Every structure is written in C-alpha cells, then in structure tokens.
Amino acid sequence: MKKIDLKPESERISVSAEQNARYIDSLSKMIACKTVYSLSGENNGEFKRFYSLIQELFPTLSQRAQRLEFGTGCFVYMIRGKRKEGKENRNIMLMSHHDVVDGGSGWQTDPFTPTVKDGYLYGRGTIDTKTPLFAELQACEELLNEGYEFDGTDLYIGSSDNEEVSGDGMVLATEYFRKNGIRFYTVLDEGGAITEGQIPGVACKSAVVAVHEKSRHLFKCRAVRDTKGHGGFGGASDNAVERLSRFISEVTDKKNKIYKGKFYPEVRATFEGHVPYMSFPMKLLFGNIGIFSPLIKKIMMGIPAAGAMLSTSLSFTVINGGDANTPGIRAEFAEALMMLRCVREDDLYSGLERIKAIGKKHGVTVEEVERDYCRPTDFCGEAFGCVERVLRKNFPDVAVVPFLLTAGTDARRFTDVADNILRFAPIDLSKKQFSTIHAPDEHIAVKNVGECVAFYKEFIKSI
C-alpha cells in the first residue's frame, strides 16, 4: 500500500481556546447527567434532565429540526436539506448513544462530576459516547447558524438511551425507517477511533474506521429425556444433563477446530494499511502477508482479542435443566444457549453443520433463536473514501485504515436500511485512555473536543 507522508500533529484543524472552553462547559453539563439505563427506571429523572439540556444547548437545531422519538428515550433529529433539481437527496445518519455504564469504584474523581485536570476532561461518557454526540449536535448547530443549506443532503442525528444493554431504541427507529421507505446512503456511528500502539511496530497514530462488526447469533441446544422414571432406573443414554454436557464438551474441544482462522479482507486491509508505517521486522512480516499468513494466524489465534478478528467465536452462555427440588428424578430436559459471533455468515453456517452433527450423536437439537447480522461495507467505496479524505484533512498526522470491530454498536441495526455503515468517532485515545472505557477514570483530551466538532462539520459538508 502506498505510503502517505504524515504531517505534524500541530497541523490538525482545531478551534480557538475560547471556543473550546465553551465546548467543554457544554459537554460537562451533558456528562453530569447520570444517564445509566435500567429497566426499573431509577434514573428517569436524569434522562429527562439530559433531554431538556439538549434543547437548551442546541436551540437552533431544536427549532429547525424534526425530532422523532422511539421507545423509552431514543431520539432522532431530522433536517431537510436543499433539493437538487432532478436528484433525490442523500440521507446521512450520524449516531452516538447517550446512555453510559455506571460509574463504579476506583475513580480519582466522581464519575458524574466532570473535572478538568492536566489538560483532560474526566467523567463517565467522555469517550463512550457523549463527546461524539456533543460534537455531532454542535457541528449541526453551527452549520445551521452559519446558513448552511445541507445541499442535496437530509441529515439525521440519532442517539439511543439503551445501547449499553443492547436495547430496542434503534431497533424501533429502523423499523420506522423501513416502514416509511427511508434509506440511508451512509450511517456513521461509534466504534473506531484514533489510537496508538494497537498494531505492533507502528510508530504513528491510526484512525481505524470499522467497516464491519461481528454478528450475534443465538442458538438453543436442547436434550430431552428418552424415558420417564426414577433416577435409579434406566441407563445413562437417557440422561439429558449428561448428554448435553458431552455435547458441549465436544463442541468446545479445541482439537475439533470447528471454526478456523482466516484473514478476512477488512482484517487484512488493517495490517496492510499499516505496513508503510511499520518498523522491521513487522514491516517484512505484514508486507508479505500472503507468505507469512500461516505464522501470523497461529500467533493471532493464540491471543483471544486478536483471534476474534479471524474466526467465528463460540461460547455457551446459559445452561439449565432438572429440578433441584427432586434431585432423584432424572431431568426431563437440559438446554443451553450457544452464542456464535461471526465475521461472515457463510462460515458460521458451515461450522454449524458440524455442530448439529455432534448434537445428533448426543441426542441434542440445535435451533437458531436469534440472528443479528450486519453486512460489511466496501472499504474501497465512496463512503469510506469520504471519511478518509476528511480525516486526512483534519488529522494529517494519522494513518487511516479500515478494520473489523469485534464489539457491537447500534449501527448494526441499520443493515437493511443503509447502503454504507461505518463506525468511527474522531476521539484521540492513548493506550491509557483506551483502558478507561467502561472502567475508572474515563477521560478525553480537552483540545480533542474541538477537533471532534471540526471533523463532523467537515464530514457533513463533504457528503
């Protein structure tokens, strides 16, 4: 891959110190709202305070945009752009959820009392993901105040209140879009960021833009007792608990290698995109990935986080059977939930045939009960290219590469109503900052907040 000369970090597009101070003040107010979602609704007052704050902080947007609401608190702002004669406007969706995980213990500061210290803003949600949400809303607010007409673009800004618990906010939103024939050219959600040290041997920072995320497929594996009777009668063959246990043992036995590793295009592109910025010997290794792929795969498959990028993940999450009150009676059934997370469905279902064959041997049925698959986006396409151009302009000191997200985002909900789904927020994270996501002392660089606003303004104007 061709090397693009990187410039000093000082050449990034940013805002004045005075403007950034105003941004920090507004973002701090958003961080101070304890928007931790719970089924009991114990923080409903905090969510209501947050929604009132949004209207207060972004008055022009609140007046000019149509606001759609879904479920308990998912909202979508919609701004109609100027029509181009003879052409249909492109629909663009910017997303960042506003619920956060709870603060927990171990913080140096109170997680919901935003604190600026040593050039960083500390507080729950500074990374995941109130800073990106603030920047999206602020960018739109400023463009509206500047008289920008969103020429040929209908802009949507969406935020769910229950992303952290895989809630239904964006599920309901996409159902609405589907029913109303609304389709998006590009969806840009969280997931990727500007990182450092994530790839060995790379000295520069990297803007990793996720073009795909692993799916979630849930299967019910069930063994039923062949005969009824007391535990003292009958052979082991009709013991549902033991048959299910043997099934699980065989499926998870690493010797069987039901799912083997492979370099998917987006994973390969991650490494190849970094090759020009690698030092020896990593440059030699990944610069000839076709030759060294067996060695690289062997190393990566031994590292859980890396191996997840190369293979379908398999885990049993829930198991139950029998009756604790009547332990002398053989269980009439035993069942387990099996989670498969794949990069490509063809690979998942190919391995599933082997799992079902093992199930048949042990008298266990395997039934799919939930499918949550999102199609990958072409990283050679126009949408990715647009994000790449904006990044190179706004962050000329970083390498830009596609990658596979092994975590999950709300963006996957849009697979049936979007042509392109990308996952990236322009938050600049050191290794230390990255480790604070869902952990104590979550923080973001103060100067990075203004950079985020500038990025989204440029992205909206570039579509």
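Please read all numbers here as calculations on a predicted model, not as lab measurements.

Visitor: Hey, could you go over helix 12 (residues 382-394) for me, with residue numbers and the actual values?
Guide: When the terminal C-alpha atoms of helix 12 are compared, their 18 Å separation across 13 residues agrees well with the 18 Å that a helix rising 1.5 Å per residue should span. Along helix 12, the positions that sit buried rather than exposed are Ala383, Phe384, Gly385, Cys386, Val387, Val390, Leu391 and Asn394.

Visitor: Residues and numbers for the pairing of strand 9 (residues 205-213), please.
Guide: Most of strand 9 is tucked away: eight of the nine residues are buried. Note: strand 8 (residues 194-195) against strand 9, two bridges, orientation antiparallel. Considered in strand 9, the bridge of Thr195 is made with Ser206. Pairing of strand 9 with strand 14 (residues 398-405), which is carried by eight bridges, proceeds in the parallel orientation. Bridge pairing in strand 14 places Lys205 opposite Val398.

Visitor: I'd like a description of the sheet that holds strand 10 (residues 216-224), backed by residues and values.
Guide: Working definition: the strands of a sheet are paired by backbone hydrogen bonds and lie parallel or antiparallel to each other. The four strands lie next to each other as 11-12-10-13, forming an open sheet whose pairing is antiparallel. Looking at the sheet topology across the chains shown, the edges are occupied by strand 11 (313-321) and strand 13 (364-372). Averaged over all pairs of adjacent strands, the angle between their axes in this sheet comes to 20°, without regard to strand direction. Pairing between strand 10 and strand 13: eight bridges, direction antiparallel. Counted as the bridge partner of Ala223 is Val364 from strand 13. Across the sheet, helix 6 (residues 240-252) touches strand 10, strand 11, strand 12 (333-341) and strand 13, and the angle it forms with strand 11 is around 170°.

Visitor: Break down the sheet that holds strand 16 (residues 443-445) for me, with residues and values.
Guide: Across the sheet, three strands lie side by side as 4-5-16; this open sheet has antiparallel pairing. Of all the strands in the sheet, the pair left with one neighbour each is strand 4 (115-117) and strand 16. The mean angle between the axes of side-by-side strands here comes to 25°, regardless of whether they run parallel or antiparallel. Bridging between strand 4 and strand 5 (residues 120-122) involves three bridges; their strand directions are antiparallel. Its bridge partner being in strand 5, Val116 is matched across the sheet by Leu121.

Visitor: Now, about the environment of Ser105: what can you tell me, with residues and values included?
Guide: Within the secondary structure layout, Ser105 lies in the loop between strand 3 (90-95) and strand 4. The class for Ser105 is exposed, based on a relative accessible area of 65%. Sequence separation between Ser105 and Phe459 is 354 residues; the distance between their C-alpha atoms is 37 Å.

Visitor: Could you give an account of a positive patch on the surface, with specific residues and numbers?
Guide: A cluster of like positive charges, contributed by Lys257, Lys260, Lys298 and Arg354, occupies part of the molecular surface. Considering the arrangement of structural elements, one finds Lys257 in the loop between helix 6 and helix 7 (265-274). The exposed category is assigned to Lys257, whose relative accessible area is 53%.

The rules behind these values
- Residues numbered from 1 in each chain as written.
- Predicted model: local features only at pLDDT ≥ 70, side-chain atom pairs only at ≥ 80, totals over all residues.
- Heavy atoms only, no water.
- Helix = DSSP H or I, 4+ residues; strand = E, 2+ residues; numbered from the N terminus.
- Expected span 1.5 Å × (residues − 1).
- Buried < 20%, exposed > 50% of the residue type's maximum accessible area, 1.4 Å probe, protein only.
- Pairing = 2+ DSSP bridges.
- Axes fitted to C-alpha atoms, helices over the stretch in contact; angles between N-to-C directions.
- Contact = heavy atoms within 4.5 Å.
- Patch = residues over 30% accessible without salt bridge, like charges linked within 9 Å, V, L, I, M, F, W, Y side chains within 5 Å.
- Areas by Shrake-Rupley, 256 points an atom, 1.4 Å probe, with all protein chains shown as cover.
- Salt bridge = Lys/Arg side-chain N within 4 Å of Asp/Glu carboxyl O.
- Lys, Arg positive; Asp, Glu negative; His and termini not counted.
- Charge placed at Lys NZ, Arg CZ, Asp CG, Glu CD.

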